[in-house]
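Commentary on secondary and tertiary structure
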Amino acid sequence: MGAIAHAQQKPSKPPLMLANLYHPGIHLDDYWVSEKYDGMRAYWDGRTLTTRGGEHIHAPDWFIKNWPSVPLDGELWAGRGKFQEVISTARSHEPNATAWRNVRFMVFDLPAHGGVFDQRLVSLQNLLKSTNSPWLLAVPQQRIVSHSLLQKRLQEVEKKGGEGLMLHRGSSLYRAERNDDLLKMKSHTDAEAKVVAHLPGKGKHAGRLGALLVESPDGMRFRLGTGFSDAVRENPPQIGSWVTYRYRGYNQSGIPRFATYVRVRSDMPMATDAVKSR
């Protein structure tokens, strides 16, 4: 009975469209380009707001007042470089009105629309204009005709503290899977991995964290040993939590090269099958 109760309580993940990495050779004429916001991916099902893992987001009633009764896919965002502020705000079960007034739900798609993205984009813009909520904004989209101009746009965004770009194929239907209909473009490569163990430090790091043993979604285990502040070494990410790391390609064994810790992804659900710290 306990196992059944636990299964019933496990949040249901919303059916989200996921991005592949940008790669040369794509036809830019097919794509819309927007800034990649450094916030929390969220899903509005027409009644409630949830994380990509299906956990309820306790937004104030005034924040979601008069929102459309149709699904919206977007990002909770408070400005460039304010990822942790958004996460702290959205993860709290007791909404902080002051903090929430700095947040916007940047909407980039209508999952249940049924048309291609070109059509969904027009419908989205019209829908949000009629909704007239100050907390609900459509993500600005533009066409970029060449890869050199795309690189220039990326540099502009990153210079201003932005995370990167997103490319959305105009002729694509909304499909809850990862494919080239949606691409993310950044100067560096980020990925997520699950923390499975804390490895003890040596020398100047004796008595605190030396490295994290992490596991990628495809089961590859490797160490993250750099990128930690003193505060993180003293209070490392919990076992079972997810972290973002940065890397430069892969070595022959398939392990990410120069993998460096970036931050905890507290917007992703805790895993329950991690090994104990050692």
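Residues numbered from 1 in each chain as written. Predicted model: local features only at pLDDT ≥ 70, side-chain atom pairs only at ≥ 80, totals over all residues. Heavy atoms only, no water.

With that settled, the discussion passes to the environment of Leu-16. Following the sequence through the fold, Leu-16 ends up in the loop between α1 (2–9) and β1 (18–21). As for Leu-16 and Tyr-43, which are separated by 27 residues in sequence, their C-alpha atoms are 8.1 Å apart. Filtering out sequence-adjacent residues up to four positions away, Leu-16 remains in contact with Arg-41, Tyr-43, Arg-52, Asp-73, Tyr-174, Arg-175, Ala-176 and Glu-177. (Helix = DSSP H or I, 4+ residues; strand = E, 2+ residues; numbered from the N terminus. Contact = heavy atoms within 4.5 Å.)

A few words on the environment of Pro-71. Looking at the element boundaries, Pro-71 is found in the loop between α2 (61–64) and β5 (72–77). Using a relative accessible area of 17% as the deciding quantity, one classes Pro-71 as buried. For Pro-71, the residues in contact, after removing those within four places along its chain, are Tyr-43, Trp-44, Asp-45, Gly-46, Asp-109, Leu-110, Pro-111 and Ala-112. (Buried < 20%, exposed > 50% of the residue type's maximum accessible area, 1.4 Å probe, protein only.)

Note on placement: Ser-133 falls in the loop between α5 (117–131) and β7 (136–138). Setting aside residues no more than four positions away along its own chain, Ser-133 makes contact with Phe-63 and Trp-67.

Turning to the sheet that holds strand β9 (residues 178–185), a few remarks are in order. What holds strands together in a sheet is hydrogen bonding between their backbones, with the strands either parallel or antiparallel. On the basis of which strands lie adjacent, the open sheet formed by 4 strands has the order β1-β9-β8-β2 and mixed pairing. One side of each edge strand has no neighbouring strand; the edge strands of this open sheet are β1 and β2 (31–36). Here the average twist between neighbouring strands, direction ignored, is 40°. Pairing of β2 with strand β8 (residues 164–169) involves 6 bridges; the strand directions are antiparallel. Bridge pairing links Trp-32 to His-168 in β8. Helix α6 (residues 147–159) rests against β2, β8 and β9 of the sheet, and its axis sits at about 135° to β8. (Pairing = 2+ DSSP bridges. Axes fitted to C-alpha atoms, helices over the stretch in contact; angles between N-to-C directions.)

Following the sequence through the fold, Tyr-22 ends up in the loop between β1 and β2. Excluding anything up to four places from it in sequence, Tyr-22 contacts His-147, Leu-150, Leu-167, Leu-183, Lys-184 and Met-185. Looking at Tyr-22, its side chain comes within polar contact range of the side chain of His-147, at 2.5 Å. (Polar contact = N/O pair within 3.5 Å; in protein donor to acceptor, adjacent residues only side chain to side chain.)

Looking at helix α3 (residues 83–91), one finds that the buried residues are Phe-83, Val-86, Ile-87, Thr-89 and Ala-90. Down the axis, α3 shows its buried residues gathered within 165° of arc, on one side only. Taken together, the buried residues of α3 touch β3 (40–44), β5, α4 (97–100) and β14 (260–264). (Arc of directions from axis to C-beta.)

Moving on: the pairing of strand β11 (residues 209–215). Within β11, 7 of the 7 residues are buried, leaving the element largely enclosed by the surrounding structure. Note: β11 against strand β12 (residues 221–224), 4 bridges, orientation antiparallel. Bridged to Leu-212 within β12 is Leu-224.

This model, assessed by the stated rule, comprises 11 aromatic pairs. Through pairs of rings, three or more aromatic residues link up here, namely Trp-44, Trp-62, Phe-63, Trp-67, Trp-100, Phe-105 and Trp-135. Looking at Arg-101, its charged tip hangs above the ring of Trp-62, at a distance of 4.2 Å from the centre. The aromatic ring of Phe-83 is capped on one face by Arg-263, whose charged end is 3.6 Å from the ring centroid. (Phe/Tyr/Trp six-rings, centres within 6.5 Å; stacked < 30°, edge-to-face > 60°. Lys NZ or Arg CZ within 6 Å of the ring centre and 35° of its normal.)

These figures come from the coordinates and say nothing about function on their own.
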